[in-house]
Amino acid sequence: MADQDAHTVEGRHATELPAIRWEEPPEGPVLVLLDQTRLPAEEVELVCTDAPALVEAIRSLAVRGAPLLGIAGAYGVALAAARGFDVDEAAFALQGARPTAVNLSVGVRRAQAAHRAVLTEGGDPQQAAAAALAAALALHREDAEASARMAGHGLALLDELLPGGGHRILTHCNTGSLVSGGEGTAFAVALAAHRKGRLRRLWVDETRPLLQGARLTAYEAARSGMAYTLLTDNAAGSLFAAGEVDAVLIGADRIAADGSVANKVGSYPLAVLARYHHVPFIVVAPVTTVDPDTPDGASIEVEQRPGFEVTEITAAWVSIGGAGGGVPVAPLGTQVYNPAFDVTPPELVTAIVTEAGVVSPVTAAALADLLSGQVAQPLEA
């Protein structure tokens, strides 16, 4: 049976608490997750002892964010192998937990391939499990390194587009250390600007309906001492009209071969606003988020979330009695359209920043060159 225990962490700062970690207590290996549904009110960890527990954590958004999902997927395969479960069955379940984020399947396949290679070469299950874990640990380390390089490339791009510093950056959803093995993607760029004294203001979209911006990005910005302001999603237009946004920085869950970007729903309207107001719209994501097997935006499967996320105000620590345990804000039986993501076409994207370099303008050919290693890396700030 799935085992997903929770305990409250006391006496530690949030910046010291990793979003994910592998542990090996006497009773057997476990994957420990910071439960992001409880933030910012509580810092609670989930302890997963098998793949079904991790699948549930992914679906419930206890663990989320494209790069971290890749890491979690790899660890999930390693966990199944280490505990003697069916690895291919676990891999299949993990890959299907959330369909839009390509990093999840990339991480799963990487650990699965490492496990399978050892068995094919005549190794025993214990050796194969060790290989799967090594692959997961390597992916975790590589993501942290990629995060640092993205931050440098992104800050250099900002300084090129907006000389003089004093950047006022608008961001959507959550893209910091809670979604990464390092300091994140788009948030890491803003954090780098803050540390260099070049960030004037971080505008934080609340990100409805699950408020990842309000609950998570504001949480990380506050802990980092950044100057930030929270706004409702539908206030972004007036912010642009007032000339208060210098650049938009977002992450991505999947980037198609033509440069179309799937990200948290609400990103596409920001791209339209940015184009109208002549503001750079910049996507920051690791190379693993680029999916050459997805030809264009229309081919991206967009996850549909439960309706209660919209019809109720929910919080993991509150139980009122609605379908999702929250406070009803719409009549019973209301039909809901609740896509988790939307897709921004490449012509609205100023640049895509990766650990391998910056793509601008965003074209299929440029992305193909990036994946083949032909893009020169810009100087880091």
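If you're wondering where the values come from, they're calculated on a predicted model, not measured in any experiment.

A. Looking closely at the nonpolar core. Membership of the largest hydrophobic core comes to 41 residues, with the highest contact counts inside it found for L31 and L33. Secondary structure elements with two or more residues in this core: strand 2 (20-23), strand 3 (30-34), strand 4 (44-48), helix 1 (51-59), helix 2 (66-82), helix 3 (87-95), helix 4 (102-120) and helix 5 (125-161). The element best represented in this core is helix 2, accounting for 11 residues.

B. Inspection of the sheet that holds strand 16 (residues 351-354) at higher detail. Spatially, 7 strands are ordered 7-6-5-8-11-16-17 in an open sheet, and the strand pairing comes out mixed. Looking at the sheet topology across the chains shown, the edges are occupied by strand 7 (228-231) and strand 17 (357-359). Ignoring which end each strand starts from, the neighbouring axes of this sheet average 25 degrees apart. Of the strand pairs in this sheet, strand 8 (residues 247-250) and strand 11 (residues 281-284) are connected by 3 bridges, and their pairing is parallel. When the bridges of strand 11 are listed, V248 appears paired with F281. On top of the sheet, helix 5 reaches strand 5 (167-171), strand 8, strand 11, strand 16 and strand 17; it is set at about 145 degrees to strand 16, its chief contact. Relative to the sheet, helix 11 (residues 364-371) contacts strand 16 and strand 17, its axis offset from that of strand 17 by approximately 165 degrees.

C. Region of the structure containing the pattern of salt bridges. Tallying each qualifying case throughout the model produces 16 salt bridges. A salt bridge links E42 to R38; the nearest nitrogen and oxygen atoms lie 3.0 Å apart. Judged by relative accessible area, R38 falls into the partly exposed class, the value being 22%. We note a salt bridge from E303 to R98, for which the minimum N-O separation is 2.8 Å. With E303 in the loop between strand 12 (290-291) and helix 10 (308-311) and R98 in the loop between helix 3 and helix 4, this residue pair connects regions lying 205 residues apart in the sequence. Both residues of the pair, E303 and R98, belong to the buried class. In this structure, a network of salt bridges that share partners links the residues R98, E303, R305 and E309.

D. Molecular detail of the sheet that holds strand 15 (residues 341-344). As summarised here, the arrangement of the 4 strands in space is 12-9-10-15, forming an open sheet in which the pairing is mixed. Each of the sheet's edge strands pairs with one partner strand only, and the pair in question is strand 12 and strand 15. In terms of strand pairing, strand 10 (residues 261-264) meets strand 15 through 4 bridges, oriented antiparallel. Pairing of K264 across the sheet is with F341, part of strand 15. Helix-sheet contacts for helix 9 (residues 267-276) involve strand 10 and strand 15, and the interaxial angle to strand 15 is about 35 degrees.

E. Spotlight on the packing of aromatic side chains. Within the structure shown, the criterion is met by 1 aromatic pair. Ring centres 5.9 Å apart and planes at 20 degrees place the aromatic pair W22 and Y75 in the stacked group. Placement of the pair is W22 in strand 2 and Y75 in helix 2, with a sequence separation of 53 residues.

F. The arrangement of unusual backbone geometry in detail. Of note, the bond from L39 into P40 is cis; its omega dihedral lies within 30 degrees of zero at 0 degrees. You can see P40 is positioned in the loop between strand 3 and strand 4. The linkage connecting R208 with the following residue, P209, adopts the cis geometry, with an omega of 5 degrees. With respect to the secondary-structure elements, P209 resides in the loop between strand 6 (199-205) and helix 7 (212-223). One non-glycine residue, L211, adopts positive backbone phi at about 60 degrees. One can find L211 in the loop between strand 6 and helix 7.

Procedures and definitions
- Residues numbered from 1 in each chain as written.
- Predicted model: local features only at pLDDT ≥ 70, side-chain atom pairs only at ≥ 80, totals over all residues.
- Heavy atoms only, no water.
- Core = buried A, V, L, I, M, F, W, Y, C linked by side-chain atoms within 4.5 Å.
- Buried < 20%, exposed > 50% of the residue type's maximum accessible area, 1.4 Å probe, protein only.
- Helix = DSSP H or I, 4+ residues; strand = E, 2+ residues; numbered from the N terminus.
- Pairing = 2+ DSSP bridges.
- Axes fitted to C-alpha atoms, helices over the stretch in contact; angles between N-to-C directions.
- Contact = heavy atoms within 4.5 Å.
- Salt bridge = Lys/Arg side-chain N within 4 Å of Asp/Glu carboxyl O.
- Phe/Tyr/Trp six-rings, centres within 6.5 Å; stacked < 30°, edge-to-face > 60°.

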